[in-house]
Amino acid sequence: MMQFMLLFSRQGKLRLQKWYVAHPDKLKKKITRELITTVLARKPKMCSFLEWKDVKVVYKRYASLYFCCAMEQEDNELLTLELIHRYVELLDKYLGSVCELDIIFNFEKAYFILDELVLGGELQETSKKNVLKAIAAQDLLQEVSSQDNELV
Amino acid sequence: MAYPMYEVDWSVLPPEQNRRFNPAFNIATIKQVVNEAIERVAPVSVRMPTPTRLRDLIRQIRAARTAAEERSVVNKECAYIRSTFREEDSVWRCRNIAKLLYIHMLGYPAHFGQLECLKLIASPRFTDKRVGYLGAMLLLDERQDVHLLITNCLKNDLNSNTQFVVGLALCTLGAIASPEMARDLASEVERLIKSPNAYIKKKAALCAFRIIRRVPDLMEMFLPATRSLLTEKNHGVLITGVTLITEMCENSPDTLNHFKKESGQREIVPNLVRILKNLILAGYSPEHDVSGVSDPFLQVKILRLLRILGKNDAEASEAMNDILAQVATNTETSKNVGNTILYETVLSIMDIKSESSLRVLAVNILGRFLLNNDKNIRYVALNTLLRTVHVDTSAVQRHRTTILECLKDPDISIRRRAMELSFALVNGQNIRGMMKELLAFLERSDAEFKAHCSSAVVLAAERYAPSDKWHLDTLFKVLLKAGNYLRDDTVSSTIQIISSAATERQAYGAMRLWTSLEQSAVSGLATEKQPLIQVAAWTIGEYGDLLVSEASSAISMVDEDGVDDFVRPTEEYVIDIYQKLLWSTQLSISTKEFLLLSLAKLSTRFTTQASQEKIRVIIDTFGSHIHIELQQRGVELSQLFRQYGHLRPALLERMPAMEPVAAPHRDEQELDLSDTSPDHTKPDQDALLDLINGSDSLTNGDVEHQPEQIATTNNNTSSNDILDLLSGLDLTPSVPAAAPAVLLANNNVEPSAAPAALLLDGLFAPPATPQPPHPADANERNAAGAEWERAVLERGGVRVCVSARRAAGAAATLTARATSQLHTLTDFLFQAAVPKKIQLDMMSPSGTTLSPQGEITQVLKVTNPTKTPLRLRIRVSYNIDGTPVLEQTEINNFPADLFN
C-alpha cells in the first residue's frame, strides 16, 4: 500500500501531496522536507529506490519534476515505477504534453486524476481509457452544475 | 502505524448526538449546526467584492521575488478568504477553498478551511462537492473532530444516485477513514461492493480494504461480497478484489483457509491461475497493454496472492507450478515492466513449495538480474536474494563475487542491501575472504552503516573465526575502523577474549594494540576511536611488561599483507603517549579512567626507576583534576606511590581470566587451528601459588580434628577492608590496620560475578559497602549438618578453622574462621592457594582486627571442573602487640566427595 505520494520540483518546491496515512500536519511537513532533501541529493545514475525510515521510497524524475511514492516493504518497487509512469501518462493525455507549470496551475485536476487511479493507497483502475473517461464525465458534470460562473 | 485516539467530546454537537450516526442528523441539520457554530464567532461584516481567481492568485504568488513578498501576498489572500468564510459567501466558497488548498501546499496553515470544506460537500452542486471532498482529503486527517460531520456527509453521498458523487465519497473514505468512520460506514461500503456498477464496485472494494486495515474485526462482513469479485471481467474490479483478498488472507489464517476451501463455484487457486493464464495468452489489448505486457498491475497482484495461498500448502503450490513456470519463461525482459513481473514471480516461486527445477529457474533469473545494467533491477535482485538466502544458501553463494562488488557501488540503497546480503552469506569456508571485503567496507562506509556493520562483523568473527589469532586480529581491525560507532559491549567482550587468551596472544594483543594506540595518539585521531583506546589501555596495562620486554620478540607481528610495522617502544615512550592521551581535552571520562588505571598498572609492569617516577608525576596531577571521578582515582592511586607503596605490586596484579558472559557459538564444524597453547594458565593464581610453593614445605598431617568453638558474634567494627582503603576518604596514618588486607589482592578486589567486570569496576566500586560479616554462616553451619570442618592452625591461643560445603556444580564453599582467646590481633591477613587446575575466588574478609572472643571469617569459593583432589595452602599473618607473626599450613584431607 502506498503511504503517500509527493510531487516536487528540482528546486525542492512541493507541487502535489497525497497522504493515505494519517499524520499530524507538523509531521507531514517534516517528512516532506526531509525526503525532498534526501531525494534531491541523490545522483541521477543511482537507483530509484531508497530505504528511508520504515518506508521504501520509489521515485522517478520526469523533466523538472520528481514523482515520489512511499511504499510498504512488501510492495513491488518496479511496479511502483510503472504506477508513477501510468500517472504521468494520464497527466500527459489530460493536460496535453504536461509540464511542471501545467501541474502548478491545474493542481486540482492532478489530484482528481490521481484519485481516479489510486484509492486508499492501492491501484483501482488499470485502464487508462477508463480513468480519462471518468475524469471527462465529471468535468462535464461540473460544467453543467456551474454554468453561471467560472469558479476555479 | 499508530493512530491517535479520537477525542470523545466534541463541543459543537449536543451530547446526545455524539459521534455515532444518527439518521435524523441529515444535511440540513449539519448545515444548521455548522452555520450556528460559525455565527457564534463571526460577526457579520461587509459584503466582499468578487474574489481573485485561483489562476491569478497562483500568478501573483509565483511573481513574488522574495519569501517575504510571497508571505505578504499569501497573508493578504488568507485574510480575505477568512472574511468571506465569516460572511457565509456560498457563491465563491468553492473558489476560495481551491485557493486555500494551493496556499496549504506552499506550507501555510489552512485549518480554518476545514468546516468550509464540509459546507461545500453538503452543497448540491457537483463542482462544490468535488472541491469540497478534495479539500477534506487534504485538510482533514483522521484526527480532526469534524469527522463526525463528514461521516454523515459521506453516508449521505454514498446513497446518491449519481455514480460520481458516490465515487467521490468512497475515495474520501478510502483516504481518511478513521476507525470510527470505518465502523459507521462499513455496511454502506459492503452494499456498494455488491453494486452492479463496476465504477462503484472497484472503489467500494478498496474502501473495504482500508476499513479492514483500520478495523480488522470488520473483515467478516465483507467475506461473501468479496468472494464474487473474482468472477468479474472488469480489470478494475479484479485488481481491487485481489487486493482486498490479499489483505484479508495476510491478516487472518482463518480467512486464508476460508478462501482456499469454499470460494463459491470455483476454488480460488485455479480461478486465479485461469485469470493469469488468460492475461498471458490473450492477444494484444490496447486498453491494458504496457509495453507489450498485458496488464502487469493485475498480474503482479495475482502473483502475490498466489504466493500467500501457496505458502506451506503443497496442494495449492502444485496447482500453480505450471503457470509460474510459464510466466517465468515467457515474460519479455527487455523492459522494466517484464522484470516487474519476473521479480514478483521469483518471490512467489521461492516462497511456495515449488518444484526444484522451478527454483533453479528462479535463481537463474536473479543471477541475470544481478548482472543487469539497470541499477533498479540490481537492487531488486539483491533484495530478493536476501529474502531467499535462507531457503537456498548455496544457490545464492554462487553470486558472492558479484554481491561483494555491489559493496563498492556508489548508490547507498544498493550498498545497504549488499551489506546485509554479504553478512547472510558468511560461513566457515569463506570467512577470511568475506571479512576482508567487509572490513574494507566498514572502513569506507557511511556513518549510518558503521554501528550495524561493526556489530555484524564482531558476531560473524565470533561464530566462524578460523583461529584465535585471526579472531583477535579481526577484533582489532574493527576497533580501528569502526571508531566511536562501535557498540559498547564490543569493548568488554574484546577485553574478555584477550584476558582469557594464551600468554603469547596477550603479548601479541598488547603489541598490536600499542601500534594502533600510538598511531591514533600521534595523528590526533584518538577522539574518534575511543573504544580502541579503551581496549588498548586495558591490554597494555595488563600486559605492558610483555610489550616492552625483548622476550616477546619471538612473536611474529607480520600482518596479512606481510608488513611488520611493530616497533618495540621504550618504557618512557609508552608513558609519553599515555600522558599525551590523558592530558587531551577531547577524550571521554571513561576512556581516561581506563588510561589512568592502566598507567598505574604499568608502574608495576615497568622496571626502571625513571618510569615509575614519571608515572607517579602524571598520576599526581590527577589529584586536582576537575572531574570528581578522575580526581578521586588520582588521589587514591597516588597513595599507592607513597605510604602504601609496598601494596602496589600485589594490588595491581594481573586480572584473572574473565569468564565469557555467554558461551561463544563457535561453529563446531570449523577447524580450530589451535593457536591456543596448551600451557594456557591463569597467571594471577600462579603468582600466589608460586609464592607459597617457594616457601618451606609444610607438614600436612598436623591437622587435628577438634570440636568447634562456640561461634561468637561477629564484632569487627573497624572492617577496614580494601574497598575502604581505596575509597580514600579517611586515609590517614592513624588507621594502619587497613594496610595488609590489600595483599589479598585481586581476588578480593574484583567481585567475580560482575558482568564484564573490568578492573576499573572492581577498584572503583562505591566504597561504602565493606563486605558484611557473616553472622548467618554460624547458623547455617549448624543447620547444614553435612558440612566438613577442621581446625587447621592453633598456636598461642589463635585458632583457624576451615569448613567446607558443597556448592552447585563442581564447586565448594570454604569458610575460614579465625579466633583469638587472649590477644588482640591487628593486620590479620588470610591467604590461600590451590593447584593450577582449580580456581579460587576469595571474598572479602569480615575484618582485619581480631579481638579476644571475636572472630574473623573469610569465605573462599573453589571451582574444580576436573574434580582433582583439593589441596589448600593457607598462610595467616597478623601482629600481636606490634610483633608480626606468619604461619602457614596445607590441608589435603578434604572429603573425597566434596565436588561430586
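Look a little higher up for the structure.
What comes next concerns the included structure. Everything numeric in this text was worked out from a predicted model, so none of it was measured. (Residues numbered from 1 in each chain as written. Chains lettered and ligands numbered in written order. Predicted model: local features only at pLDDT ≥ 70, side-chain atom pairs only at ≥ 80, totals over all residues. Heavy atoms only, no water.)

**Section: the overall build of chain A**
To keep it simple, the criterion reads: Secondary structure counts use DSSP, requiring at least four H or I residues in a row for a helix and at least two E residues in a row for a strand, with both numbered from the N terminus. Each residue is placed in one exposure class: buried if its accessible area under a 1.4 Å probe, protein chains only, is under 20% of its type's maximum, exposed if it is over 50%, and partly exposed if it falls in between. Every accessible area reported is derived by Shrake-Rupley at a probe size of 1.4 Å, with residue values counting cover from the shown protein chains alone.
Of regular secondary structure, chain A possesses five helices and seven strands. For chain A, with 152 residues in total, the buried portion stands at 66%. On chain A, roughly 5,700 Å² of surface is accessible, and the fraction owed to carbon and sulfur atoms is 55%.

**Some details on the pairing of strand 3 (residues 788–795) of chain B**
All names here are of chain B. Inclusion rule: Pairs of strands are assigned from DSSP output, requiring at least two bridges between the strands.
For strand 3, a buried count of six out of eight residues is recorded, marking the element as mostly surrounded by other parts of the structure. Pairing geometry for strand 3 and strand 4 (residues 798–807), over seven bridges, is antiparallel. By the bridge assignment for strand 4, Ala791 is matched with Cys801. A loop of two residues connects strand 3 with strand 4, the two strands running antiparallel in sequence, and Gly796 in this loop sits at a positive phi of about 55°.

**Things to note about helix 1 (residues 25–40) of chain A**
Filter applied, for reference: Here the expected span of a helix is defined as 1.5 Å times the quantity of residues minus one. By arc we mean the arc of the directions from the helix axis to the C-beta atoms, nothing more. Every residue pair with non-hydrogen atoms within 4.5 Å of one another is taken to be in contact.
Counted at 1.5 Å a residue, the expected span for helix 1 of chain A with its 16 residues is 22 Å, and the 22 Å between its end C-alpha atoms agrees. Restricting attention to buried positions, one finds in helix 1 of chain A the residues Lys28, Ile31, Thr32, Leu35, Ile36 and Val39 of chain A. Seen from one end, helix 1 of chain A has its buried residues packed into an arc of 125°, which puts them on one side. Exposed residues pointing more than 90 degrees away from the buried face of helix 1 of chain A are listed as Lys26, Arg33 and Thr37 of chain A. Packed against the buried residues of helix 1 of chain A are strand 1 (2–9), strand 2 (14–19), strand 3 (49–52), strand 4 (55–62) and strand 5 (65–71) of chain A together with helix 6 (126–139) of chain B.

**What about the interface of chain A and chain B?**
Counted only if it meets this: In the sections that follow, a salt bridge refers to a side-chain nitrogen of Lys or Arg positioned within 4 Å of a carboxyl oxygen of Asp or Glu. Contacts described as polar in this section are N or O atom pairs within 3.5 Å, which, within protein, must combine one atom able to donate a hydrogen with one able to accept it, while residues neighboring in sequence count only if both atoms come from side chains.
Tallying the contact residues gives 73 residues for chain A and 80 residues for chain B. Put simply, chain A and chain B have ten salt bridges between them. Remark: the boundary between chain A and chain B carries 26 residue pairs in polar contact (both at pLDDT 80 or more). Where the side of chain A that touches chain B is concerned, the elements lending two or more residues are strand 2, helix 1, strand 3, helix 2 (77–95), helix 3 (100–105), helix 4 (107–117), strand 7 (122–123) and helix 5 (128–145) of chain A.

**Re the environment of Val535 of chain B**
Residue and element names in this part refer to chain B. Within the secondary structure, Val535 sits in helix 28 (residues 530–548). Taking relative accessible area as the criterion, Val535 reaches 0% and is therefore assigned buried. Counting along the chain gives 59 residues from Val535 to Phe594, while the straight-line C-alpha distance between them is 8.3 Å. Beyond its immediate chain neighbours, meaning those up to four positions away, Val535 contacts Leu479, Val491, Thr494, Ile495, Ile498 and Leu513.

**Some details on the sheet that holds strand 4 of chain B**
Residue and element names in this part refer to chain B. Our working definition: To define axes, lines are fitted to C-alpha atoms, for helices over the stretch in contact only, and angles between the resulting N-to-C directions are given on a 0 to 180 degree scale.
Strand order in this open sheet of five strands is 3-4-5-8-7, and the pairing throughout is antiparallel. In this open sheet, the two strands that pair with only one neighbour each are strand 3 and strand 7 (839–842). Taken pair by pair, the neighbouring strands of this sheet meet at an average axis angle of 20°, ignoring direction. Sheet topology note: the strand 5 (residues 811–820)/strand 8 (residues 855–863) ladder contains nine bridges and is antiparallel. From the neighbouring strand, Ala812 faces strand 8, where its bridge partner is Val862.

**So, the layout of surface pockets**
Residues and elements named next belong to chain B. Counted only if it meets this: Only protein atoms enter the calculation, which uses a 1 Å grid: trapped sets of points that fit a 1.4 Å probe without letting it out are cavities, open sets showing protein on both sides within 12 Å along at least five of seven lines are pockets, and any residue with an atom within 4 Å of a point is a lining residue. Grid points are joined across faces, edges and corners, and a volume is the space filled by probe spheres set on the points. Residues were grouped as follows: Ala, Val, Leu, Ile, Met, Phe, Trp, Tyr, Cys and Pro as nonpolar; Asp, Glu, Lys and Arg as charged; and all remaining residues, including Gly, as polar.
Looking at the second largest pocket, its volume works out to about 500 Å³. When residues of the lining of the second largest pocket are traced back to their parent elements, those giving at least two are helix 23 (431–444), helix 25 (468–482) and helix 27 (503–523). Counting residues per element, the lining of the second largest pocket draws most heavily on helix 25, at seven residues. Its residues assigned to classes, the lining of the second largest pocket shows six nonpolar, five polar and ten charged.

**A look at the sheet that holds strand 2 of chain A**
Hydrogen bonds between backbone atoms are what pair the strands of a sheet, whose relative direction is either parallel or antiparallel. Strand order in the open sheet made by the five strands is 2-1-5-4-3 (chain A), with antiparallel pairing throughout. Two strands in the sheet have a free side with no partner beyond their single neighbour: strand 2 and strand 3 of chain A. Each neighbouring strand pair of the sheet contributes to a mean axis angle of 20°, computed without reference to strand direction. In this structure, strand 1 of chain A lies alongside strand 2 of chain A, joined through five bridges in antiparallel fashion. Looking across to strand 2 of chain A, one finds that Leu7 of chain A is bridged to Leu16 of chain A. Sitting on the sheet, helix 19 (residues 375–388) of chain B is in contact with strand 3 and strand 4 of chain A, with an inclination near 45° to strand 3 of chain A.

**Some points on the pattern of salt bridges**
All names here are of chain B. As enumerated under the stated definition, the model contains 59 salt bridges over all chains in all. Asp446 is the salt-bridge partner of Arg415, the closest N and O atoms lying 3.0 Å from each other. Of the two residues, Arg415 is situated in helix 22 (residues 412–425) and Asp446 in the loop between helix 23 and helix 24 (447–464); the sequence distance between them amounts to 31 residues.

**Some details on the packing of aromatic side chains**
Threshold: Under the pairing criterion, centres of Phe, Tyr and Trp rings, with the six-membered ring standing for Trp, must be within 6.5 Å; the plane angle then separates stacked pairs below 30 degrees from edge-to-face pairs above 60, leaving the rest tilted. A ring has a charge above it when a Lys NZ or an Arg CZ is no more than 6 Å from the ring centre and no more than 35 degrees off the ring normal.
Counted under the stated rule, the structure contains 14 aromatic pairs over all chains. Between Tyr59 of chain A and Tyr66 of chain A the ring centres are 6.3 Å apart and the planes differ by 45°, which places this aromatic pair in the tilted class. In this structure, Tyr59 of chain A and Tyr66 of chain A share a single accessibility class: buried. When the centroid spacing of 6.0 Å and the interplanar angle of 75° are considered together, the rings of Trp538 of chain B and Tyr543 of chain B count as edge-to-face. By relative accessible area, which is 6% here, Trp538 of chain B ends up buried. Taken together, the ring pairs in this structure connect Phe8, Tyr59 and Tyr66 of chain A into an aromatic cluster. Taking NZ or CZ as reference, Arg82 of chain B lies 4.0 Å from the ring centre of Phe112 of chain B, over its face. A cation over a ring is seen here: Arg130 of chain B above Phe112 of chain A, with NZ or CZ 3.9 Å from the ring centre.

Any link to function would need more than the numbers given here.
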